[in-house]
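# Breakdown of the fold
These are the residues of each chain, in order.
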Amino acid sequence: MVDCTLPCSFVRLDDAFCRCEVVAVDLLTRLQKYRLICAYRPPNLDNADSQRLVDCLSSIAGLPNTNTVLAGDFNFPEIDWALNVVPVGPSNAFFDWSLSESLTQLILEPTHVSGNIIDLLLVSEPQNVTNLVIGPPISTSDHYSVEFTLNAFVTTSRRTVLSYTNLSSLRRYLDEIN
């Protein structure tokens, strides 16, 4: 979730990726830009559609001077993220893409009741993520909850509008402050 008071903008996906379940926003901070991406890959997705998801992610991630934060349910239980081992199959393209983008996968414990890691958090700047917690499932879900803090220093512009219809009162008020 992104607080509606934060300076952010929706990222439009190319029409070629209309079947991909991906949403992204840019979060602008005082020092840098973050691209927050949330994606879902259904289980047993074929190679062509898995490649389409990778192409979609490639089109919106890895921008210059932008920190990428990619989270979601990717349903790749066969990837061993601790050993960086992946068998031949649809997960290869995704795994290779994540390496080529220099993304670090931070979740290293099961996120599904079956004992698999299928919910991922891939980031370009791992030091900006703290307080990563794999918690109990929410409601009747078979996925464990994933919570983390993104340490982004956000400044919101604050504008004060003064009406100068009564300048003498304003002067008196300001003189009282001293």
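Our subject is the structure that appears above.
Throughout what follows, the structure given in this document is the object of discussion. (Residues numbered from 1 in each chain as written. Predicted model: local features only at pLDDT ≥ 70, side-chain atom pairs only at ≥ 80, totals over all residues. Heavy atoms only, no water.)

## Here we look at the overall build of the protein chain
Summing up its helical and strand segments, the protein chain has three helices and eight strands in all. Its helices and strands in sequence order give the protein chain the pattern β-β-β-α-β-α-β-β-β-β-α, from N to C terminus. Across the 178 residues that make up the protein chain, the buried fraction comes to 34%. Across the protein chain, contacts joining residues at least 24 apart in sequence account for 53% of those joining residues at least 6 apart. Accessible surface, the protein chain: about 11100 Å² in total, of which carbon and sulfur atoms supply 53%. (Helix = DSSP H or I, 4+ residues; strand = E, 2+ residues; numbered from the N terminus. Buried < 20%, exposed > 50% of the residue type's maximum accessible area, 1.4 Å probe, protein only. Contact = heavy atoms within 4.5 Å. Areas by Shrake-Rupley, 256 points an atom, 1.4 Å probe, with all protein chains shown as cover.)

## What to know about the side chain of Thr 29
Mapping Thr 29 onto the fold places it in the loop between strand S2 (21-28) and strand S3 (33-40). Thr 29 gets classed as buried once you look at its relative accessible area, which sits at 15%. Only 2.5 Å separates the side chain of Thr 29 from the backbone oxygen of Gln 32, close enough to count as a polar contact. (Polar contact = N/O pair within 3.5 Å; in protein donor to acceptor, adjacent residues only side chain to side chain.)

## Concerning the pattern of salt bridges
What the rule picks out here adds up to five salt bridges. A salt bridge links Arg 12 to Asp 15; the nearest nitrogen and oxygen atoms lie 3.3 Å apart. Note on Arg 12: relative accessible area 64%, which makes it exposed. Its salt-bridge partner being Arg 35, residue Asp 26 comes within 2.6 Å of it at the nearest N-O pair. Just as Asp 26 is buried, Arg 35 falls in that class too. In the salt-bridge network here, residues are joined through shared partners; they are Arg 19, Asp 49 and Arg 52. (Salt bridge = Lys/Arg side-chain N within 4 Å of Asp/Glu carboxyl O.)

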